[in-house]
Amino acid sequence: VISTGRWALYGSTTAAFGLVARSLIGHPVPYGASLGALGLYCGVLLTGVLDPRLSMYVDFENELPEQRDATRIALTFDDGPDLECTPRVLDRLDAAGMKATFFVIGRKLVDPAAKALVREAIARGHAVGSHSFGHPRTFAFLGEKALRAEIGGGRKSLEDVIGRACPLFRPPIGHSNPTVARVVTELGCRPIGWSVRGRDGVSGARVEAVVRRIDDAVTDGSIVALHDAAERDDRAPIAAAVLDALLPLLAARGLPSVALEPERASS
Ligand SMILES: [Zn+2]
């Protein structure tokens, strides 16, 4: 199946070549129109870099595979572990009988307490994945060597902690490009995006607004992106308070959260 984003990429690239061909063979395209077309084309390419839901360059899993006899979603938490917030998130999930997936930052795993938290999450039935080594905000602009260090290094830090292979990977801020796609394929990572975003990871995020945003958008199969830590540990994450309000709503709607399967479901 070809993603919407891939169609947009192929379609707009074909159109761009068409315009160039028209200028070369027939009448030159007016200056304003060609500038406009160039701007539009760059806009399409950039949207693909920023939004994993389009799967323009990387084949992200943005939803759970369809299941006939049960409805469920997957809550995911990025940027941890956080020694304060992650245990509170684990307690709330356990109390509700729900499972989640934690995408952890490699450099945070030097702390023995953070390592213990990752192992504890697994022992309590949750899944973990890598969220790069250092979570650079310039992730989409890194060269191939730096990307390999970020993606491979993050994965290795996690695998050293849990003692087994762990292909689940979510890029920082969900950014991707053709080089990310190449490195991810080469390293055998399994890229996970999202279909619903809590937007709880920004300063000033309000619990009620985050809960409403998720409750409005979530449906059977949704992968929901939340944060159990601040990327630079400079804010108190609101995930625990979000879960206090959100988990009863999900339970009432028959949408329990499950952990992402460690292996991709074969179809
Ligand atoms: Zn992140």
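Residues numbered from 1 in each chain as written. Predicted model: local features only at pLDDT ≥ 70, side-chain atom pairs only at ≥ 80, totals over all residues. Heavy atoms only, no water.

Draft legend 1. Main features of the environment of Y57. For Y57, the location among the structural elements is in the loop between α2 (31-50) and β1 (74-80). Since its relative accessible area comes to 14%, Y57 is described here as buried. Among the polar contacts listed, one links the side chain of Y57 to the backbone oxygen of L45, at a separation of 2.7 Å. (Helix = DSSP H or I, 4+ residues; strand = E, 2+ residues; numbered from the N terminus. Buried < 20%, exposed > 50% of the residue type's maximum accessible area, 1.4 Å probe, protein only. Polar contact = N/O pair within 3.5 Å; in protein donor to acceptor, adjacent residues only side chain to side chain.)

Draft legend 2. The coordination of the zinc ion, seen in detail. Protein coordination at the zinc ion comes from D79 (OD), H131 (NE2) and H135 (NE2), with a distance range of 2.1 Å. Mapping the donors of the zinc ion onto the primary sequence yields the spacing D-x51-H-x3-H. Taken together, the residues span a long stretch of sequence, with D79 in strand β1 and H131 in the loop between β3 (127-130) and α5 (144-162) at a distance of 52 residues. In this structure, D79 and H131 share a single accessibility class: buried. (Donors = N, O, S within 2.8 Å, 3.2 Å for Na, K, Ca; no water.)

Draft legend 3. Quick look at the packing of aromatic side chains. Per the counting criterion, the structure on display carries one aromatic pair. Look at F77 and F102: their rings are 5.4 Å apart centre to centre, the planes differ by 20°, and that puts the pair in the stacked class. You can see F77 sitting in strand β1 and its partner F102 sitting in strand β2 (residues 100-104), a full 25 residues away along the chain. A relative accessible area of 1% places F77 in the buried class. (Phe/Tyr/Trp six-rings, centres within 6.5 Å; stacked < 30°, edge-to-face > 60°.)

Read these as layout, nothing more, since geometry by itself doesn't imply function.
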